[in-house]
Amino acid sequence: MKIVTIGLGYIGLPTAIMFANHNQEVIGVDVKEDVIKMLNNGHVHLEEPGLETELKKAVQSGNFKAQLNVEPADAFIVAVPTPNKDDPYKSCDLTYVLDAVKSLVPVLEKGNTVIIESTIAPRTTEDFVKPLIEEAGFEIGKDIFLVHCPERVLPGKILHELKYNNRIIGGVTSACTEAGKKIYSIFVEGELITSSASAAELSKLMENTYRDVNIALANELVKIGEDLDIDALEVIEMANKHPRVNIHSPGPGVGGHCLAVDPYFIVASTPETTPLIQTARAINTSMPDFVFSRTKRLMEQINGKKITVLGVTYKGNVDDIRESPALEITQKLVDDGSYEVSVFDPHVNQSWIEKDFKKATLDSDLLLVLTDHNEFKTLTEEDLSEMKQTYVLDTKHIFPSHVVKNHYLSLGNIGSLSRIERVPSF
Ligand code: SAJ
């Protein structure tokens, strides 16, 4: 089968490579010329374990080629970004998706399958994509098979999850669903769940919204714990021993390109009926300010001058700093102007990030842990030897607290901030 994938990012590229390494002829299309050159030379432009090895295999076998233009094929997969629009409800910007569909319509032939993998607002396939194909004179479900098949992979584990996760195949008609199922059964070993395009769209959005809402509940619990002077982390641990309870982990906010983006697509489609989703978003977006203000309070109490931020990515063990609450908190501390702020993050290469841990912590009063990288879980007393005062505010609950004894604060005991004894000024 010949497959054209449009968009060679975090989802489109691994998907294209997967098909190519399962004996399909794949053409990857992207608008970025430099990316196309790199890929054809066997190099990937993004960090994802195992991807470059798989790309090399695909290029060498002759099954994968990247190029700028779309050409005729049996199936087309659209995996382009869908950012939030800058409107009151941050609705779904369909520009890239609709442009991609418009670019493939001229080469469509009867019998082709068109798959949208991009995360889209509910009803987009039916209400926006279908008309574009029909306008070209095709009948959906008879001439062309149109499917929404959302991806559900976790950055860092994409290759494994692409193959083994269950996958929703949402066809506009049942013939469309069958066509989509045939294509993904080439490499997917998880269950292929058949559905309609609209239900598939909403399911994908609700999966990420479910997590966002549950994280908001955990973050609200942190604030309750602070007010009532009860350890929220202990409460979560105990509550989760109930067989039907799974409170998520609180943190400095929710980042990334999924949980912090997708709920708005539902809200924008139906603002009147989504107070819970909207409140959850508001709680999660309030967390950077919460952490910032508690950091300030602690610095005042310990008479601190320097803060060392540990981790600025949106989550642990990735290199992605886009939409990162950690970055937002760091920026607030820098803008505040009251402190010297140094940043340490072994996963990110930027001029403003100190590569040497000892230098980053030299004369520091506080380690502010904002990301759960593995490297931070094994820090020792010796590692902190250059610090002036060894206070730790750990928003991810991963720092080995015994290293700093009673100078350790987490989101669980943040209420005890008010009881830390004031250190006299020097
Ligand atoms: N976070 C918390 N507390 C938690 C879990 C996560 O504060 O208990 C924060 C993280 O620190 C991070 C953000 O939430 O800032 C999102 O991280 P994540 O690991 O939960 O999710 P993503 O955005 O990397 O990937 C998600 C996944 N969705 C679900 O698990 C439901 C993935 O399967 C999706 O494919 C992906 O979104 C997507 O593309 O939609």
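None of the values given here were measured: they were computed from a predicted structure.

## Things to note about the overall build of the protein
The helix and strand inventory of the protein stands at 13 helices and 13 strands. Computed over its C-alpha atoms, the radius of gyration of the protein comes to 24 Å, within 12% of the 22 Å expected for a compact globule of 426 residues. Overall, the protein is about 80 × 50 × 40 Å in size when its C-alpha atoms are taken along their principal axes. Scored against the burial criterion, the 426 residues of the protein give a buried share of 54%. On the protein, roughly 19100 Å² of surface is accessible, and the fraction owed to carbon and sulfur atoms is 51%. Across the protein, the 42 positively charged side chains and the 61 negatively charged ones have centroids separated by 1 Å.

## Remarks on the nonpolar core
By size, the foremost hydrophobic cluster in this structure holds 77 residues, and its most contacted members are Phe64, Phe76, Leu108, Val114, Ile133 and Tyr184. Setting aside residues no more than four positions away along its own chain, Ile133 makes contact with Val101, Val105, Leu108, Val114, Phe138, Ile140, Ile144 and Leu146. Counting 32 residues, the second largest nonpolar core, distinct from the first, contains Met287, Phe292, Ile302 and Val348.

## Some thoughts on the sheet that holds strand 11 (residues 366-369)
Pairing is parallel in the open sheet, where five strands are placed in the order 10-9-11-12-13. Whereas interior strands pair on both sides, the edge strands pair on one side only; in this sheet they are strand 10 (340-344) and strand 13 (408-410). For this sheet, the mean inter-axis angle between neighbouring strands, taken without regard to orientation, is 20°. Relative to strand 11, strand 9 (residues 306-310) runs parallel, the two being bridged by four bridges. Residue pairing for strand 11: Val309 is matched across the bridge by Leu368. Against the sheet, helix 11 (residues 275-301) touches strand 9, strand 11, strand 12 (391-394) and strand 13, its axis set at about 165° to strand 11.

## Structural notes on the confidence of the model for the protein
Here the protein shows a mean pLDDT of 96. Residues at 70 or above account for 98%. Per-residue pLDDT stays below 50 along residues 422-426; that stretch engages in ten contacts with residues further than four places along the chain or on separate chains.

## What about helix 12 (residues 325-336)?
The end-to-end C-alpha separation of helix 12 is 16 Å, in line with the 16 Å expected for twelve residues at 1.5 Å each. All of the buried residues in helix 12 are Pro325, Ala326, Ile329, Thr330 and Leu333. Projected down its long axis, helix 12 carries its buried residues within an arc of 145°, all on one side. In this structure, the buried side of helix 12 is in contact with helix 11, strand 9, strand 10 and strand 11. Where helix 12 begins, the capping side chain belongs to Ser324, and its oxygen is found 3.2 Å from the backbone nitrogen of Ala326.

Criteria and thresholds
- Residues numbered from 1 in each chain as written.
- Predicted model: local features only at pLDDT ≥ 70, side-chain atom pairs only at ≥ 80, totals over all residues.
- Heavy atoms only, no water.
- Helix = DSSP H or I, 4+ residues; strand = E, 2+ residues; numbered from the N terminus.
- Rg over C-alpha atoms; globule rule 2.2 N^0.38 Å.
- Buried < 20%, exposed > 50% of the residue type's maximum accessible area, 1.4 Å probe, protein only.
- Areas by Shrake-Rupley, 256 points an atom, 1.4 Å probe, with all protein chains shown as cover.
- Lys, Arg positive; Asp, Glu negative; His and termini not counted.
- Charge placed at Lys NZ, Arg CZ, Asp CG, Glu CD.
- Core = buried A, V, L, I, M, F, W, Y, C linked by side-chain atoms within 4.5 Å.
- Contact = heavy atoms within 4.5 Å.
- Pairing = 2+ DSSP bridges.
- Axes fitted to C-alpha atoms, helices over the stretch in contact; angles between N-to-C directions.
- pLDDT = per-residue confidence, 0-100.
- Expected span 1.5 Å × (residues − 1).
- Arc of directions from axis to C-beta.
- Polar contact = N/O pair within 3.5 Å; in protein donor to acceptor, adjacent residues only side chain to side chain.

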